[in-house]
Amino acid sequence: MESQKTLITHIGFLTGIHPKECLRLAGTAMRQLGTIEDAWLLTEGDRIAAFGRMSDIDKLDTSPTTIIDAEGGTVLPCWCDPHTHLVYAGSRETEFVDKIRGLSYAEIARRGGGILNSADRLHAMSEDELTDAALQRLNEMMARGTGCVEIKSGYGLNTDDELKMLRVVKRLKALTPMRLVSTFLGAHAVGRAYAGRQGDYVDLVVEEMIPAVAEEHLAEYIDVFCDEGFFTPEETARILEAGARYGMRPKIHACELASSGGVEVGVAHDALSIDHLESASDHDLELLACSSAMPTLLPGTSFFLNMPYARGRHIIDQGLAIALATDCNPGSTPSSDMKFVVSLACIKMRLEPAEAINAATLNAAYAMGLSHDYGSIAVGKRANLQITRPIPSVEYIPYAYTRDIVRKVIIEGEIKDERRK
């Protein structure tokens, strides 16, 4: 049976074009967005088959099944979101009020809020309820142009509930056309039953949770919240080593609250991404520069918690790469809008628009181990595309920081969202 062919014509700006073998961009290369004006693009099946300028479209030797007139809109890769906590039970707006009144993230956690609050709520919900709520969030993300998402556990904090979360992620993979990857984050905080016994909780993660997750093949990655007041570098190393024995590659929370050794342990254990970095020191950045780990920044967290932003401009100027993610979760970042994250990176971290878009597409795909197939426009890559309404320039995308500009979303070669023009 012949594959579905879709031809997109009259594209104002086709952007995010990089060679297929380019898996990530760093330093000054992040300014290279790769753009063709007045373009066309052909998909065949779930892949990008060809693209070029409208002036050359007569040379296209194919009969497309479907023709989409972009009407001058921009076509770019779908956003990739490499750090979310998307499976959760309910909102935490009371803590939002606590923050307004001056309580810090750490103070709210000490009062029984934060992660432990979400764990209590999740315990009371069924897999069906959690799946329905998370699928709605995924559909909202897709409608805004996101096509790949990493989802962490970490609101279970006991073996049964951590497995419940990851089973939900497995169910979601079968329910959405989006590309999902799953990460085990049992070491997100110490469960209530282990208050004052952090060492015993680490034993539980290593000796019971990790083998149980591996037995059901529920996670591709393992993560630890290695930071001040959470897990120490020594505990983190033990957990990451245990996960690696079961084939889970590390991703790590580090330097959100302090420079407390998280980067060092992440680099030493070949972490794919090292995330947050709001408090990263110059020494931490030197370590990152000597590794293959992707620094993944979460400006939405800084925005919502009113805390310092990671030094995005400085990190790129040091020759490093950057990925961007939403950190979508009910406590510190109740937003899944990658376009807003791109705008924040420009406004608050001083990234140029091209750098921010690359950080939210190709580099973000790298932070999930997916950049061989996703995150850029290249022949042979997956056809995960967003088509905007007509806009005056690519720079308009972060400039118009609250405007919904997405007209159509194509996931794996199929139109998944038809928006108003």
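Residues numbered from 1 in each chain as written. Predicted model: local features only at pLDDT ≥ 70, side-chain atom pairs only at ≥ 80, totals over all residues. Heavy atoms only, no water.

1. Thoughts on the overall build of the protein
In terms of helices and strands, the protein carries 15 helices and 17 strands. Taking 22 Å as the expected radius of gyration for a compact globule of 421 residues, we find that the protein reaches 21 Å, a close match to that expectation. Dimensions of the protein, computed from the C-alpha atoms along their principal axes, are close to 70 × 45 × 40 Å. Each of the 421 residues in the protein was classed as buried or not, and the buried ones make up 60%. In the protein, 73% of the contacts between residues at least 6 apart in sequence involve partners at least 24 apart. Approximately 16,100 Å² of the protein is accessible, and the part contributed by carbon and sulfur atoms is 49%. Within the protein, the 59 negative side-chain charges are centred at a point lying 4 Å from the centre of the 43 positive side-chain charges. (Helix = DSSP H or I, 4+ residues; strand = E, 2+ residues; numbered from the N terminus. Rg over C-alpha atoms; globule rule 2.2 N^0.38 Å. Buried < 20%, exposed > 50% of the residue type's maximum accessible area, 1.4 Å probe, protein only. Contact = heavy atoms within 4.5 Å. Areas by Shrake-Rupley, 256 points an atom, 1.4 Å probe, with all protein chains shown as cover. Lys, Arg positive; Asp, Glu negative; His and termini not counted. Charge placed at Lys NZ, Arg CZ, Asp CG, Glu CD.)

2. Examining the nonpolar core
One finds Val 87, Leu 172, Phe 184, Ile 239 and Ile 274 to be the most contacted residues of the largest nonpolar core, which totals 106 residues. It is helix 6 (residues 198-215) that provides the largest number of residues to this core, a total of 10 residues. Apart from residues no more than four positions distant in its own chain, Ile 239 is found in contact with Ala 187, Val 202, Val 205, Val 206, Ile 210, Ile 222 and Val 224. Judged by nonpolar contacts, the second largest core, of 16 residues, contains Ile 8, Ile 11, Ile 68 and Leu 385. (Core = buried A, V, L, I, M, F, W, Y, C linked by side-chain atoms within 4.5 Å.)

3. With respect to helix 9 (residues 282-289)
Buried residues of helix 9: Asp 284, Leu 285 and Leu 288, and no others. End-on view of helix 9: buried residues confined to an arc of 95 degrees, all on one side of the axis. If you follow the buried residues of helix 9, they end up packed against helix 8 (262-268), strand 12 (273-276), strand 13 (294-297) and helix 11 (312-317). (Arc of directions from axis to C-beta.)

4. Digging into the pattern of salt bridges
For the structure shown, the criterion picks out 27 salt bridges. Residue Glu 352 is joined to Arg 31 by a salt bridge in which the shortest nitrogen-to-oxygen separation is 3.8 Å. Note that Glu 352 is positioned in the loop between helix 12 (338-349) and helix 13 (353-360) and Arg 31 in the loop between strand 1 (5-15) and strand 2 (35-44), a separation of 321 residues in sequence. A relative accessible area of 36% means that Glu 352 is categorised as partly exposed. On the accessibility criterion, Arg 31 (43% relative accessible area) is partly exposed. Taking the shortest distance from any N to any O, the salt bridge between Arg 31 and Glu 355 comes out at 3.5 Å. Of the two residues, Arg 31 is situated in the loop between strand 1 and strand 2 and Glu 355 in helix 13; the sequence distance between them amounts to 324 residues. Its relative accessible area of 0% is what places Glu 355 among the buried residues. (Salt bridge = Lys/Arg side-chain N within 4 Å of Asp/Glu carboxyl O.)

5. Re the pairing of strand 5 (residues 73-77)
Among the five residues that make up strand 5, five are buried, leaving the element largely enclosed by the rest of the structure. Bridging between strand 1 and strand 5 involves two bridges; their strand directions are parallel. Its bridge partner being in strand 5, Phe 13 is matched across the sheet by Thr 74. Across four bridges, the pairing between strand 5 and strand 15 (residues 385-390) is antiparallel. Its bridge partner being in strand 15, Pro 77 is matched across the sheet by Leu 385. (Pairing = 2+ DSSP bridges.)

6. Concerning helix 6
With 18 residues, helix 6 should cover 26 Å at 1.5 Å per step; its first-to-last C-alpha distance of 25 Å lies within 8% of that length. The sharpest bend along helix 6 comes to roughly 35 degrees, located at Met 209, with the proline Pro 211 sitting one to four residues further on. Every buried residue of helix 6 is accounted for by Tyr 201, Val 202, Leu 204, Val 205, Val 206, Met 209, Ile 210, Ala 212, Val 213 and Ala 214. Where the residues of helix 6 are buried, they touch helix 5 (159-175), strand 8 (179-187), strand 9 (221-226) and helix 7 (233-245). His 217, located one to two residues past helix 6, shows a positive phi value of around 55 degrees. (Expected span 1.5 Å × (residues − 1). Bend = angle between axes of the 7 residues up to and from the residue.)

7. Some points on the packing of aromatic side chains
Aromatic rings considered in pairs are described by the distance between their centres and by the relative angle of their planes. Under the defined criterion, the tally for this structure stands at six aromatic pairs. Measuring from ring centre to ring centre gives 5.6 Å for Tyr 396 and Tyr 399, while their planes differ by 50 degrees; the resulting arrangement is tilted. Of this pair, Tyr 396 and Tyr 399 both sit in helix 15 (residues 396-399), separated by three residues, roughly a single helical turn. Connected via pairs of aromatic rings, a cluster forms that spans Tyr 194, Tyr 201 and Phe 231. Over the ring of Tyr 88 we find Arg 137, and its NZ or CZ is 3.6 Å from the ring centre. Directly above the aromatic system of Tyr 221 lies the positively charged group of Lys 251, at a separation of 5.8 Å from the ring centroid. (Phe/Tyr/Trp six-rings, centres within 6.5 Å; stacked < 30°, edge-to-face > 60°. Lys NZ or Arg CZ within 6 Å of the ring centre and 35° of its normal.)

8. Notes on unusual backbone geometry
For Asn 306, which is not a glycine, the phi torsion comes out positive at approximately 55 degrees. Position of Asn 306 relative to the elements: it lies in the loop between helix 10 (299-305) and helix 11.

9. Details of the environment of Gly 16
Position of Gly 16 relative to the elements: it lies in the loop between strand 1 and strand 2. On the basis of relative accessible area, Gly 16 is assigned to the buried category, the value being 4%. For the pair formed by Gly 16 and Ile 357, sequence separation is 341 residues and the distance between their alpha carbons is 8.0 Å. Not counting residues up to four positions away in its chain, the partners in contact with Gly 16 are Leu 33, Gly 34, Pro 77, Ser 376 and Ile 377.

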